[in-house]
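Read off the chains here:
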Amino acid sequence: MRNESRIIVVGGGIIGLLTARELAQAGAEVTLIEMGITGREASWAGGGILSTLRPWRYAEPVTALVRWSQLRYPELCAELIEQTGIDPEHSRDGLLILDIEEAAEALSWGRGHAMPIEVLDEATLRTAAPEIAREATRALWLPEVAHIRNPRLVKAVRRAIHRPVRVCEHQEVVELLIADDQIAGVRTRTDVHRAETVVVCAGAWTATLLERLGHPPAISPVRGEMLLFHASPGLLRQIVLAGSHYAIPRRDGNILFGSTLAQTGFVKETTAEAKELLHEKAVTLFPMLRRMPIGAHWAGLRPSSPSGIPYIGAHPNIAGLYVNAGHFRYGLTMAPASARLMADLVLGRAPILPPAPYGLDAPR
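## Thoughts on the sheet that holds strand β6 (residues 139–142)
The eight strands lie next to each other as β5-β6-β4-β13-β14-β15-β12-β16, forming an open sheet whose pairing is mixed. In the strand order of this sheet, the two ends are held by β5 (118–120) and β16 (294–304), each with one partner. Strand-to-strand, the axes of this sheet are offset by a mean angle of 25 degrees, without reference to chain direction. Sheet strands touched by helix α8 (residues 272–285): β12 (220–229), β13 (239–242), β14 (245–249), β15 (255–258) and β16. Its angle to β12, the strand with the most contacts, is close to 50 degrees.

Put into structure tokens, the structure is as follows:
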């Protein structure tokens, strides 16, 4: 069977969903092809923190995408609520970082990027977050950091694009069709879809799909596992980061705790070892969680890339082929800007950000 489409988006995570939405809103005819169910891989598995965890550690191209997206998210969520009735629960609860060895660097970065950051002494910390273990005596406070309920976000975007975008689920793209150095479409296990423009937003699977073209982007899967605790609303009032682990409050009282990092290829199964580690870290940081039942334990595959800078741009050798992938643990965080920038490049519009740092041939 052959299907015709002007633009094909491969991959139905939040990057692919928002890219398809941006293109469709500009009037393009778009087909989105997803190997499973839209939004059920890394976009579903993440915590939804709309900031890099220690933003002063990241390259400016990452910061630029994050800051643009942070400003866009409230408006995007309002649009989605109006269009679909689904509330993605954008919540600006702030971020507490309990290790402050980099306080001077953090404060300097905050001043340079118009991001409020302050140091809390022990008394202020106890007032702000009495549920944290007594061992924590100082913290950095980033009051403007928000989080989003990512399963609700992907559901809302999926519903919002229902009519303008043709969505094909459970269709794995197994081949990019090339004719005379020009993209001609894609082949799935059951169909051929023809198009003169293809945007690959396949997350951790992107490099595998592009491998036969030579010099694929350096994207590889990194497994992360998380726990969900059933708790009471208001028990945790801020996002809390301690070392490599973080806790995120949801409006219904549930608390997410994550995460782990493991190089396991495309193996996504959870492990008893990670569950035990996360539980121990969680109850040490928040003793009250010892009384709270674990509601869920899951894993996802993050699409890592060197320096965390995603690939957003045209393929250097194949006309009409584009890539928007490699966001590692910040796909949700950078999604609105990444989708807008990708649409700008595909449609020949003035880009929202200088695109050179995200090019497939850009140094990382």
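Picking up where we left off.
## Re the pairing of strand β3 (residues 30–33)
Here β3 shows no split at all, with V30 and L32 on one side and T31 and I33 on the other all buried. The sheet contact formed by strand β2 (residues 7–10) and β3 spans four bridges and is parallel. Looking across to β3, one finds that V9 is bridged to L32. In this fold, β2 hands off to helix α1 (residues 14–25), which returns the chain to β3; that crossover is right-handed. As paired strands, β3 and strand β7 (residues 165–168) are joined by four bridges and run parallel to one another.

## A short note on the layout of surface pockets
When its volume is computed, the second largest pocket comes out at roughly 180 Å³. Taken together, 15 residues make up the lining of the second largest pocket; nearest its centre are H215, P216, P316, L360 and D361. Split by residue class, the lining of the second largest pocket holds nine nonpolar, four polar and two charged.

## A look at the side chain of Q171
Residue position: Q171 is located in the loop between β7 and β8 (173–179). In this structure Q171 comes out as buried when scored by relative accessible area, which is 14%. Beyond its immediate chain neighbours, meaning those up to four positions away, Q171 contacts I33, E34, M35, T188, T190, D191 and H193.

## With respect to the packing of aromatic side chains
Any aromatic ring pair is given by two values, namely how distant the centres are and how the planes are angled relative to each other. A complete count under the given rule lists two aromatic pairs for this structure. Where W205 meets F266, the ring centres are 5.4 Å apart and the plane angle is 35 degrees; that geometry is what we call tilted. With a gap of 61 residues between them, W205 in the loop between β11 (197–200) and α7 (206–210) and F266 in the loop between β15 and α8 connect regions that are remote in the sequence. On the basis of relative accessibility, which here comes to 24%, the residue W205 falls in the partly exposed class. A cation over a ring is seen here: R40 above W44, with NZ or CZ 4.0 Å from the ring centre.

## Focus: helix α3 (residues 60–84)
With 25 residues, α3 extends 34 Å from end C-alpha to end C-alpha; this agrees with the ideal 36 Å at 1.5 Å per step. R72 marks the point of greatest bend in α3, at about 40 degrees, and the proline P74 comes within the next four residues. Immediately downstream of α3, the backbone of G85 shows phi near 80 degrees, a positive value.

## Remarks on the sheet that holds strand β18 (residues 321–325)
Strand order in this open sheet of six strands is β7-β3-β2-β11-β18-β17, and the pairing throughout is mixed. Strands at the two margins of the open sheet, each flanked by one partner only, are β7 and β17 (311–314). Strand-to-strand twist of the sheet, defined as the mean angle between neighbouring strand axes without regard to direction, takes the value 15 degrees. The pairing of β11 with β18 spans three bridges and is parallel. Looking across to β18, one finds that V199 is bridged to Y322. Contacting β2, β3, β7, β11 and β18, α1 crosses the sheet at an angle of about 170 degrees to β3. Relative to β18, helix α9 (residues 331–347) is tilted by about 170 degrees, and along the sheet it contacts β2, β11, β17 and β18.

Rules used throughout
Per chain, residue numbering runs from 1 following the sequence as it is written. Local features in this predicted model are restricted to residues whose pLDDT is 70 or higher, and side-chain atom pairs enter the listing and the counts only when it is 80 or higher, whereas totals over whole chains, interfaces and linings include all residues. Hydrogens and water molecules were not included; the side-chain quantities draw on all heavy atoms of the structure. For two strands to be treated as a pair, DSSP must find no fewer than two bridges joining them. In this text, helices come from DSSP runs of H or I with a minimum length of four residues, and strands from runs of E with a minimum of two, each type numbered from the N-terminal end. Under this scheme, a helix contributes an axis fitted over its contacting stretch, all axes are lines through C-alpha atoms, and angles between N-to-C directions fall in the 0 to 180 degree range. When checking whether two residues touch, look at their non-hydrogen atoms; a contact exists if any pair is within 4.5 Å. Think of it in three bands: with a 1.4 Å probe and only protein chains considered, a residue is buried below 20% of the maximum accessible area for its type, exposed above 50%, and partly exposed in between. By definition, the crossover connecting two strands over a helix is right-handed if that path, from the first strand to the second, turns clockwise as seen with the strands pointing away from the viewer. Only protein atoms enter the 1 Å grid used here, on which a cavity is any set of points holding a 1.4 Å probe that cannot leave and a pocket is any open set flanked by protein within 12 Å on both sides along at least five of seven lines; residues with an atom within 4 Å of a point are listed as lining. Grid points are joined across faces, edges and corners, and a volume is the space filled by probe spheres set on the points. Side-chain classes are defined by residue name, with Ala, Val, Leu, Ile, Met, Phe, Trp, Tyr, Cys and Pro counting as nonpolar, Asp, Glu, Lys and Arg as charged, and the others, Gly among them, as polar. Two rings from Phe, Tyr or Trp (for Trp, the six-membered ring) form a pair when their centres sit within 6.5 Å of each other. Planes less than 30 degrees apart are called stacked, planes more than 60 degrees apart edge-to-face, and all others tilted. Criterion for a charge above a ring: Arg CZ or Lys NZ at most 6 Å from the ring centre, at most 35 degrees from the ring normal. By this rule the span expected of a helix is its residue count minus one, scaled by 1.5 Å. One axis fitted to the seven residues ending at a residue, another fitted to the seven starting there: the angle between these axes is the bend at that residue.

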